[in-house]
Amino acid sequence: MTKPLTLIKSHASNPKLWVVIGVTVAGIVVLAETRRRRRKAMLMNREDFGAFVERFEILPFPQPPPPAAKQSLSGLTFAIKDIFDVKDYVTGFGNPDWRRTHDVAENMAVVVTALLKNGATCVGKTVMDELAMGITGENMHYGTPINPQMPSFVPGGSSSGSAVAVASELVDFALGTDTIGCIRIPAAFCGIFGCRPSHGAVSMIGAIPNSQSLDTIGWFARDPSVLHRVGHALLQLNAVEPRRARLLIFADDLFQLSKVPKQKTECVISKAIGNLSGYQLPKHMKLGQYIASNVPSLKGFHEESTKLQNGTSALKALSSVMISLQRYEFKANHEEWVKSVKPKLAPDVSNHVLAAINTKYENIKMLYKVRTEMRACLQSLLKDDGILVFPTVADPPFKLNTKKVYSAESHDRALILSAIASMSGCCQVTIPLGKHDGCPISVSFISYHGADKFLLDTVLDMYSSLQEQVGIVSNLAPFPDSNGNFDASELLKEKGNAAFKGKQWNKAVNYYNEAIKLNGSSATYYCNRAAAYLELGCFQQAEEDCSKAISLDKKNVKAYLRRGTARESLLCYKEAAQGEL
């Protein structure tokens, strides 16, 4: 045994020794935490959050003279994914080898021109997953855009830069494309709105195709009114149409995939529509079973497994058909370039591309038949007033710069949720609904193909009421977990921690107060409240909380450190030095 360990062993019963050890360990922890915060601050202080490949400014078309109406997007700025053509710029498709082997664009993408005509200003191109073959938002060549909601986690992709540009308030809205979730997933991860319109509703001319049968042009916004205005501009919608009643249909089996308690989301939405006119009582269904019964062509793609229920098997089969269709069409579009250029790709992207290039299908017609039947299936379900409700994503994002990636199960869940709109061509909007366990949560509304105005109008109509209910629900007693159990005080503590991280010090104190009312024997609650008090300059309260925490837990190093800080701030230098310290 080494000499230091021998000394520790021989003095193990001495409480002063443990204080010294605790303070030493605390110093190491504080140093590590300081370095982590500095790295985080450096990332967050990057001017554009790593969202842009290149910056420029393209001014809108001139405002027509009176009596012409004012341009609908006047004064708004937008960014575009590096998949759209801009005249005199090379479209990079997220990969330097693609940029190197292609010339500058001779024309402007139709969708960009439409936005410029409506008064918006384009300010640059954004980072994306290479060749639009990913859903995480990472790019080894240009860097991964920083998710402003969760800086240590992936932003989601493939339209990652566009989502981050909006979430970080660098632009008012941004364009992306959505093939297998490339608008919807980053919108969910970044806590913003994302719209995937009906397939074919917005012209793809001037955008590099990934898979034409699945590709759509979509957009992000922080505000539902901006989402709505952009939709009207791009979809050329009529300002007025007959008002219809709305029927919300909850896909209960899809909510079972999510880590967020279904009761929380359902409560918010149900109470929101209860305060509005024109909404029928919501219905519930198992979407997987409905699809299994109404998309007969899927039977040939079901997994041979007795473990999967019929509905679950149908949903997995639908997502596998989606991936097969994407691979087949990607190969048709880009096989020649991939084989001739042999581009440098990130390992995961390379795997996706190779799987596509090596694809051989003899039943292509069956893939397209599934797509046709899916559109008819949802049309029959939703008719002219239905809106399908389910989670946008099932799992939270994984951390950046770690070896951890989506498990096969997480990846499967993501694709199952994305496949509903991708394979039916229906319109879908991702709606942010606050946070759960510190992670943004969202819900998706889907309506039938061609019902874009109906869907966008619904989101605009509901959102104020949804926001109000999110605020109410967040202050209620916690929802039970999957086993029906919960610890109310722990949930309040977590809410306090989230408020603290958001620099909402008073709000954090209020949450910790409630946690202490429920459980006054937790040193952590007092210690955490002390940290918030220190930020507010309430040094006496912080000192008292730390003393209470130490009385409950003699080895609470953070409490000693924070009490020292509080006493020093109260000019009690002697007490801070003694530290009883």
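Student: Give me the overall build of the protein: which residues, what numbers.
Tutor: Regarding its fold elements, the protein presents 21 helices and 11 strands. The burial tally for the protein puts 52% of its 581 residues in the buried class. The long-range share in the protein, meaning contacts at least 24 apart out of those at least 6 apart in sequence, stands at 72%. Put simply, the protein shows about 26,800 Å² of open surface, and 53% of that area lies on carbon and sulfur atoms.

Student: Report on the side chain of Asn210, specifying residues and quantitative values.
Tutor: Here Asn210 shows up in the loop between β5 (193-196) and β6 (216-221). Of the polar contacts made by the side chain of Asn210, one reaches the backbone oxygen of Leu131; its length is 3.1 Å. Setting aside residues up to four positions removed in sequence, Asn210 forms contacts with Leu131, Ala132, Met133, Thr179, Asp215, Gln326, Glu329, Phe330 and Asn333.

Student: Tell me about the sheet that holds strand β10 (residues 427-436), residues and numbers included.
Tutor: Spatially, the 11 strands line up as an open sheet ordered β1-β3-β2-β4-β6-β5-β10-β11-β9-β7-β8, and their pairing is mixed. Each edge of the open sheet carries a strand with a single partner, namely β1 (52-58) and β8 (283-285). Taking the axes of each pair of neighbouring strands and ignoring which way they run, one obtains an average angle of 25 degrees across the sheet. Bridging between strand β2 (residues 77-81) and strand β3 (residues 121-126) involves 4 bridges; their strand directions are parallel. Paired with Phe78 across the two strands is Cys122, which belongs to β3. Of the strands in this sheet, β4 (173-178), β5, β9 (386-391), β10 and β11 (439-447) are in contact with helix α14 (residues 408-424), which crosses β9 at around 155 degrees.

Student: Kindly report on the packing of aromatic side chains, identifying the contributing residues and their values.
Tutor: With the rule as written, the count across this model stands at 7 aromatic pairs. A ring pair is formed by Phe56 and Tyr89, whose centres lie 4.5 Å apart and whose planes are at 35 degrees; its orientation type is tilted. Highlighted residues: Phe56 in strand β1 and Tyr89 in the loop between β2 and α3 (96-100), separated in sequence by 33 residues. Relative accessible area serves as the criterion here: at 10%, Phe56 is assigned to the buried category. Summarising the aromatic geometry, the rings of Phe78 and Phe173 are spaced 5.2 Å apart at their centres and angled 10 degrees between planes, so their arrangement reads as stacked. Placement of the pair is Phe78 in strand β2 and Phe173 in strand β4, with a sequence separation of 95 residues. Across this residue pair, the class does not change: Phe78 and Phe173 are buried. Cluster of aromatic residues (ring-pair linked, three or more members): Phe93, Trp98 and Trp337. Sitting over the ring of Phe52, Arg55 keeps its end group 4.0 Å from the ring centre.

Student: Outline helix α9 (residues 262-274), supporting the account with residue identities and numerical values.
Tutor: The end-to-end C-alpha distance of α9 is 18 Å, a good match for the 18 Å that 13 residues give at a rise of 1.5 Å each. Turning to α9, its buried residues are Lys264, Thr265, Glu266, Cys267, Val268, Ile269, Ala272 and Ile273.

Student: Could you give me a rundown of the pattern of salt bridges, with the residues and numbers involved?
Tutor: All chains considered together, the criterion is met by 18 salt bridges. Linking Asp395 and Lys259 is a salt bridge whose minimum nitrogen-to-oxygen distance equals 3.9 Å. Taken together, the residues span a long stretch of sequence, with Asp395 in the loop between β9 and α14 and Lys259 in the loop between α8 (252-255) and α9 at a distance of 136 residues. Judged by relative accessible area, which is 51%, Lys259 ranks as exposed. The salt bridge partner of Glu543 is Arg567, with a shortest N-O separation of 3.0 Å. Taken together, the residues span a long stretch of sequence, with Glu543 in helix α19 (residues 539-552) and Arg567 in helix α20 (residues 557-569) at a distance of 24 residues. Here Glu543 falls in the buried class, since its relative accessible area comes to 13%. Overall, Arg567 belongs to the buried group, its relative accessible area being 9%. Here the residues in one salt-bridge network are Glu54, Asp82, Arg99 and Lys125, joined through shared partners.

Student: How would you summarise unusual backbone geometry if you had to cite specific residues and measurements?
Tutor: Residue Pro66 is joined to Pro67 through a cis peptide bond whose omega torsion reads 10 degrees. Considering the arrangement of structural elements, one finds Pro67 in the loop between β1 and β2. In the Ramachandran plot, Gln236 falls in the positive-phi region, its phi being about 50 degrees despite a non-glycine side chain. Along the chain, Gln236 turns up in the loop between α7 (224-235) and β7 (247-251). Residue Gln236 is classed as exposed on the basis of its relative accessible area, which comes to 69%. The backbone of Lys342 shows a phi angle near 50 degrees, a positive value even though the residue is not glycine. Within the fold, Lys342 resides in the loop between α11 (310-341) and α12 (347-357).

Student: Which residues make up the packing of helix α17 (residues 505-518) against helix α18 (residues 523-536), and what are the values?
Tutor: α18 packs onto α17 with a crossing angle of 155 degrees between their chain directions and a minimal axis gap of 9 Å. One finds that α17 runs roughly antiparallel with respect to α18. Relative to α18, α17 is oriented so that their crossing is left-handed. Each of Trp505, Asn506, Ala508, Val509, Tyr512, Asn513, Ala515 and Ile516 in α17 lies in contact with α18, whose residues at this interface are Tyr525, Tyr526, Asn528, Arg529, Ala532, Tyr533, Glu535 and Leu536. Among the residues making up the contact of α17 with α18, the classes are represented as 11 nonpolar, 3 polar and 2 charged.

Student: Quick rundown of the nonpolar core? Include the residues and the values.
Tutor: Phe84, Phe173, Leu175 and Phe445 are the most contacted members of the largest nonpolar core, which totals 77 residues. Broken down by element, this core gets its largest block of residues, 9 residues, from helix α15 (residues 452-474). Membership of the second largest hydrophobic core comes to 52 residues, among which are Leu287, Ala292, Val393 and Ala394.

Thresholds, definitions, all that
- Per chain, the residues get numbers from 1 upward, laid out in the order the sequence is written.
- Owing to the predicted nature of the model, reporting of local features is limited to residues with pLDDT of at least 70; listing and counting of side-chain atom pairs is limited to 80 or more, with chain, interface and lining totals taken over all residues.
- Computation of side-chain values covers all heavy atoms of the structure but excludes hydrogens and water.
- A run of H or I in DSSP becomes a helix once it reaches four residues, and a run of E becomes a strand once it reaches two; helices and strands are each numbered from the N terminus.
- Think of it in three bands: residues with accessible area under 20% of the maximum for their type are buried, residues over 50% are exposed, and the middle band is partly exposed, with areas taken using a 1.4 Å probe on protein chains only.
- The contact rule is simple, with two residues in contact once any of their heavy atoms fall within 4.5 Å.
- Surface exposure here means Shrake-Rupley accessible area, sampled with a 1.4 Å probe, where a residue is shielded only by the protein chains that are shown.
- Here a polar contact is recorded for every N or O atom pair within 3.5 Å, except that within protein the pair must consist of a potential hydrogen donor and a potential acceptor, and residues adjacent in sequence are included only if both atoms are side-chain atoms.
- Pairing between strands is defined by DSSP: at least two bridges between them are needed.
- Simply put, an axis is a line fit to the C-alpha atoms, just over the touching stretch for a helix, and the angle between two N-to-C directions goes from 0 to 180 degrees.
- By convention, a stacked pair of Phe, Tyr or Trp rings (six-membered ring in the case of Trp) has centres within 6.5 Å and planes under 30 degrees apart, an edge-to-face pair has planes over 60 apart, and any other such pair is tilted.
- Only when the NZ atom of a Lys or the CZ atom of an Arg is both within 6 Å of the ring centre and within 35 degrees of the ring normal do we say a charge sits over the ring.
- Between the first and last residue of a helix there are one fewer steps than residues, each counted as 1.5 Å, and that sum is the expected span.
- What makes a salt bridge here is a side-chain nitrogen of Lys or Arg within 4 Å of a carboxyl oxygen of Asp or Glu, nothing more.
- Here is the rule for angles: anything less than 35 degrees is roughly parallel, anything more than 145 is roughly antiparallel, 65 through 115 is roughly perpendicular, and the remaining ranges are oblique.
- Here is the rule for handedness: rotate from the far helix to the near one, and if that takes an anticlockwise turn smaller than a right angle the crossing is left-handed, while a clockwise turn gives right-handed.
- Ten residues, namely Ala, Val, Leu, Ile, Met, Phe, Trp, Tyr, Cys and Pro, are considered nonpolar, four, namely Asp, Glu, Lys and Arg, are considered charged, and the remaining ones, Gly among them, are considered polar.
- What makes a nonpolar core is a set of buried Ala, Val, Leu, Ile, Met, Phe, Trp, Tyr and Cys residues whose side-chain atoms join them at distances within 4.5 Å.

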